[in-house]
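# Overview (structure and organization)
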Amino acid sequence: MAYNMRDDIKEVYFTEEQLHEKVAELGARITEDYRDKNPLIVSVLKGSYVFMADLTRAIDTPCNVDFMVVSSYGKGTKTSGEVQIIKDIAQPIDGRDLLIVEDILDSGVTLHYLMQILAARGANSIRLCTLLSKPERRKINVDVDYLGFEIPDEFVVGYGLDYAEKYRNLPYIGVLKPYVYGGE
Ligand code: XMP
Ligand code: MG
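Note that the coordinates shown come from a computational prediction; the quantities given were computed from them, not determined experimentally.

## Quick look at helix α3 (residues 109–120)
- Its 12 residues give α3 an end-to-end C-alpha distance of 17 Å, which sits within 8% of 16 Å, the value for a rise of 1.5 Å per residue.
- Every buried residue of α3 is accounted for by Val 109, Thr 110, Leu 111, Leu 114 and Met 115.
- Trailing α3 by a residue or two, Gly 122 shows a phi angle of about 85 degrees, which is positive.

Quick look at the structure:
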């Protein structure tokens, strides 16, 4: 029988409809808050690319978009907190109102340091919008201004989120069947 990616999903956490509804709600709030501010909306790749595409189209005020790629290394060790910028924003940010868009907030380490780096460049304001948050996993407190959903400490895929670079193209968010990880 043909293999369908969706057969690997044990449970759907958020359906396309639920995601669409939440994105519309967040977009409406952001539209109100950033009216006439021409915010710079920055997404951290790759996990947030689907959320970013939907969210920006739910925002009805002029804005600019840009993308960053970062990698955090030394997680869980003394050197944790080092954030390496692999791809930077292509424009100056001094005086700009920044909205960082993330797929999921986990330990908070990457975002904590990323926001420090951006603040040091003289942004007028920096806010954070994350689709998902796993509060149980937090190591460093990060203030979230716009939150989609809180989830328990389970690995989720879909809507941009991957396991081993797969499942980003699932239109909903779910958890994988154990055999995918090499279990039974
Ligand atoms: P922090 O620094 O908050 O990093 O620990 C968050 C990053 O961790 C990854 N992550 C996940 N990726 N499903 C994923 O596909 C998950 O359930 C998950 N939990 C954490 C993700 O790359 C995120 O940007
Ligand atoms: Mg990932």
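## Focus: the nonpolar core
- Counting residues in hydrophobic clusters, the biggest one holds 38 residues, and the most contacted among them are Phe 51, Leu 55, Leu 99, Ile 100, Val 101, Tyr 159 and Ile 173.
- Counting only elements with at least two residues in this core, the list comes to β1 (9–14), α1 (16–33), β2 (40–45), α2 (49–57), β5 (97–105), α3, β6 (125–133) and β8 (173–176).
- At 6 residues, β5 tops the list of elements feeding residues into this core.
- Ignoring sequence-local partners within four residues, the contact set of Leu 99 consists of Ile 30, Pro 39, Ile 41, Arg 127 and Cys 129.

## So, the site of ligand 1
- Around ligand 1, the structure places 16 residues, and the nearest of them are Asp 106, Ser 107, Thr 110, Phe 155 and Leu 161.
- Contributing elements (two or more residues each) for the shell around ligand 1: β5 and α3.
- Across the shell around ligand 1, the residue classes break down as 8 nonpolar, 5 polar and 3 charged.

## Focus: the pairing of β5
- Counting buried positions along β5 yields 8 of 9 residues, so the element is predominantly enclosed.
- As paired strands, β2 and β5 are joined by 4 bridges and run parallel to one another. Bridge pairing in β5 links Leu 40 to Leu 98.
- Pairing between β5 and β6: 8 bridges, direction parallel. Residue pairing in the sheet places Val 101 in a bridge with Cys 129 of β6.
- The parallel pair β5 and β6 is bridged by α3, and the resulting crossover is right-handed.

Criteria and thresholds
Residues numbered from 1 in each chain as written. Chains lettered and ligands numbered in written order. Predicted model: local features only at pLDDT ≥ 70, side-chain atom pairs only at ≥ 80, totals over all residues. Helix = DSSP H or I, 4+ residues; strand = E, 2+ residues; numbered from the N terminus. Expected span 1.5 Å × (residues − 1). Buried ≥ 20, exposed ≤ 12 C-beta atoms within 10 Å, placed from the backbone. Core = buried A, V, L, I, M, F, W, Y, C linked by C-beta atoms within 7 Å. Contact = placed C-beta atoms within 7 Å. Near = placed C-beta within 6 Å. Nonpolar A, V, L, I, M, F, W, Y, C, P; charged D, E, K, R; others polar. Pairing = 2+ DSSP bridges. Right-handed = clockwise from strand over helix to strand, strands pointing away.

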